[in-house]
Amino acid sequence: MTWFQVHLSCRCLVGELASTDPAAGKHIKAAVLIGSLIAANLAALLLKRRNGVYRRLCEAEDRDEDTDGIPDTYQHP
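From a predicted model like this one, the values you see are computed outputs, not experimental measurements. (Residues numbered from 1 in each chain as written. Predicted model: local features only at pLDDT ≥ 70, side-chain atom pairs only at ≥ 80, totals over all residues. Heavy atoms only, no water.)

### Quick notes on unusual backbone geometry
Even without a glycine there, the phi angle at threonine 67 is positive, about 45°. You can see threonine 67 is positioned in the segment after α2 (24–62). (Helix = DSSP H or I, 4+ residues; strand = E, 2+ residues; numbered from the N terminus.)

### A short note on α2
Look at α2: 57 Å from first C-alpha to last across 39 residues, which is about the 57 Å you get at 1.5 Å a residue. If you check which residues of α2 are buried, you get Ala24, Gly25, Ile28, Val32, Ser36 and Gly52. (Expected span 1.5 Å × (residues − 1). Buried < 20%, exposed > 50% of the residue type's maximum accessible area, 1.4 Å probe, protein only.)

### Some thoughts on a nonpolar patch on the surface
A cluster of nonpolar side chains, contributed by Val53, Tyr54 and Leu57, occupies part of the molecular surface with about 290 Å² of accessible area. Tracing the backbone through its elements, the reader meets tyrosine 54 in helix α2. (Patch = residues over 30% accessible without salt bridge, like charges linked within 9 Å, V, L, I, M, F, W, Y side chains within 5 Å. Areas by Shrake-Rupley, 256 points an atom, 1.4 Å probe, with all protein chains shown as cover. Salt bridge = Lys/Arg side-chain N within 4 Å of Asp/Glu carboxyl O.)

So far we have only geometry, and geometry alone does not tell us how the molecule works.
Shown next as structure tokens:
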């Protein structure tokens, strides 16, 4: 069982316990699933953006335009 399954199961259980209407159980489960999918997609977008920023930083740090074997970041002008 993954952490996502545990999290989703707990959210559905809490939602069902909070509702007094048994017919609302399906709506609660759907809302929990949709909310979890939205959160996962948002996290994926943020991670993709963060990885792009770090990739550009790494490329700038490793740049060696004078090809002397020492990255330009570590050389003083």
